[in-house]
There are 2 protein chains.
Amino acid sequence: MPNPSAATPQPLTPDEESLVRALGQVMHVLPRAIDADMVGDRQLPLTEYTALMNLSETPDRRMRMNELAALCYLSLSGMTRTIIRLETQGLVRRERCEEDARGWNAVLTDAGYARLQEAWPSHLAAVRRRFLQHFEGFDLAQLARAFQRAGTAEPTD
Amino acid sequence: MPNPSAATPQPLTPDEESLVRALGQVMHVLPRAIDADMVGDRQLPLTEYTALMNLSETPDRRMRMNELAALCYLSLSGMTRTIIRLETQGLVRRERCEEDARGWNAVLTDAGYARLQEAWPSHLAAVRRRFLQHFEGFDLAQLARAFQRAGTAEPTD
DNA sequence: GATATTTGCTTGACCAATCAAGCTCCGGTT
DNA sequence: AACCGGAGCTTGATTGGTCAAGCAAATATC
């Protein structure tokens, strides 16, 4: 007698189903909503904010393009274009890398630092209001570990 | 004496911080990974899969464009373009709406249904392996409710 | 019942991302 | 020291989405 579950795998339970649907919606809605908040509030799109933020967290406010791209979850070319946008606004400057003349450092300017200072409360508020608020009473550390596991994708076969 | 928290709001706790970062990574990685699985496995991108799936869940395998767009988290024009792609593959057909001649129904063809049947185990496996697996032992229903709250975005001010 | 407004969808212009190709420079080989 | 393979970044072409404008059908108003 053939095993029907070979052709037709177990479907999701109702709880799994609703979790997956809800996550789908969050993945769609959250980044757009937070970006819209930032743009409406401070004229600073989320992608550009993220770049400035990552730069500000280094000791000398500078970083190589490939490292910054990884931290911003952007391709190298996407990063180049983002930095160009920031550069034309005077928020970032590019300097050739001392120890490797192929490389570039993106450097946060004073104007960029000021812009970031001005924008981060807005970002913080958006993250709290749109996301964290809904997880009061949860074990956040445990949740964070689960998401870290899910975020560490094994390559596709 | 001025209140310093007015100028400088409370930063996130370390647990909040890691949860937010991990969620950011998941939101970036998961859709791409699942899409890559589907394309590698069955040549069916996630957006197109989602459209077929939503159509298949209606009693008569057809739906108005605006309703389908909402279920796929797509703008109306994005939906139009997706349906056009599906139509050229013969997986969907468009019919003028009987009771309102402005409207169109996207209709799942037999070929489209077959394609969906062929693809869904792949999607299911990807969702389990890349996401659900990491939440064993969690209260999924409670988690789903929290995500539903977060996914229901209030408009930006 | 003609006209104005609104609704449902498509189309055009645009945008931010990607991938692939190109350019420059590094570093090991000979 | 000239070469060549590879690394670091940019540029060009494409893609999959958005928003705004357009068009046709429906509905409300007079």
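- The name an unreviewed UniProt entry assigns to chain A is MarR family transcriptional regulator, from the organism Micromonospora arida.

1. Concerning the protein's contact with DNA strand D
Move 1: In the neighbourhood of DNA strand D, 21 residues make up the surrounding shell, with T80, R81 and R94 of chain A together with S75 and R81 of chain B lying closest.
Move 2: Of everything in DNA strand D that lies within 4 Å of the protein, sugar and phosphate atoms constitute 58%.
Move 3: Take R64 of chain A: an N or O atom from its side chain is 2.9 Å from a phosphate oxygen of DNA strand D.
Move 4: Every element with two or more residues in the surface near DNA strand D is listed here: helix 4 (65-71) and helix 5 (76-88) of chain A together with helix 5 (76-88) of chain B.
Move 5: The residue inventory of the surface near DNA strand D, partitioned by class, reads five nonpolar, eight polar and eight charged.

2. Considerations on the protein's contact with DNA strand C
Move 1: Near DNA strand C there are 22 residues, and of these S75 and R81 of chain A together with T80, R81 and R94 of chain B occur at the shortest range.
Move 2: Taking all atoms of DNA strand C within 4 Å of the protein, the share assigned to sugar and phosphate is 58%.
Move 3: Residue R85 of chain A places a side-chain N or O atom 2.9 Å away from a phosphate oxygen belonging to DNA strand C.
Move 4: With respect to DNA strand C, the backbone of A101 of chain A contributes an N or O atom lying 3.3 Å from a phosphate oxygen.
Move 5: Contributing elements (two or more residues each) for the surface near DNA strand C: helix 5 of chain A together with helix 4 (65-71) and helix 5 of chain B.
Move 6: Among the residues making up the surface near DNA strand C, the classes are represented as five nonpolar, nine polar and eight charged.

3. A closer look at helix 2 (residues 14-42) of chain A
Move 1: The terminal C-alpha atoms of helix 2 of chain A lie 41 Å apart, and with 29 residues this matches the ideal 42 Å at 1.5 Å per residue to within 8%.
Move 2: The sharpest bend along helix 2 of chain A reaches about 25° and sits at V29 of chain A, with the proline P31 of chain A one to four residues further on.
Move 3: For helix 2 of chain A, the elements touching its buried residues are helix 3 (46-56), helix 6 (110-130) and helix 7 (140-151) of chain A together with helix 2 (14-42), helix 6 (110-130) and helix 7 (140-151) of chain B.
Move 4: The first or second residue beyond helix 2 of chain A is Q43 of chain A, which carries a positive phi of 55°.

4. Quick look at unusual backbone geometry
Residues and elements named next belong to chain A.
Move 1: Although it is not a glycine, Q43 adopts a positive phi angle of roughly 55°.
Move 2: Under the relative-accessibility criterion, Q43 is labelled exposed at 58%.
Move 3: Despite not being glycine, Y73 has its phi angle at roughly 50°, a positive value.
Move 4: Mapped onto the secondary structure, Y73 falls in the loop between helix 4 and helix 5.
Move 5: With relative accessibility at 31%, the residue Y73 sits in the partly exposed group.

Reading guide: rules and limits
- Residues numbered from 1 in each chain as written.
- Chains lettered and ligands numbered in written order.
- Predicted model: local features only at pLDDT ≥ 70, side-chain atom pairs only at ≥ 80, totals over all residues.
- Heavy atoms only, no water.
- Near = heavy atom within 4 Å.
- Polar contact = N/O pair within 3.5 Å; in protein donor to acceptor, adjacent residues only side chain to side chain.
- Helix = DSSP H or I, 4+ residues; strand = E, 2+ residues; numbered from the N terminus.
- Nonpolar A, V, L, I, M, F, W, Y, C, P; charged D, E, K, R; others polar.
- Expected span 1.5 Å × (residues − 1).
- Bend = angle between axes of the 7 residues up to and from the residue.
- Contact = heavy atoms within 4.5 Å.
- Buried < 20%, exposed > 50% of the residue type's maximum accessible area, 1.4 Å probe, protein only.

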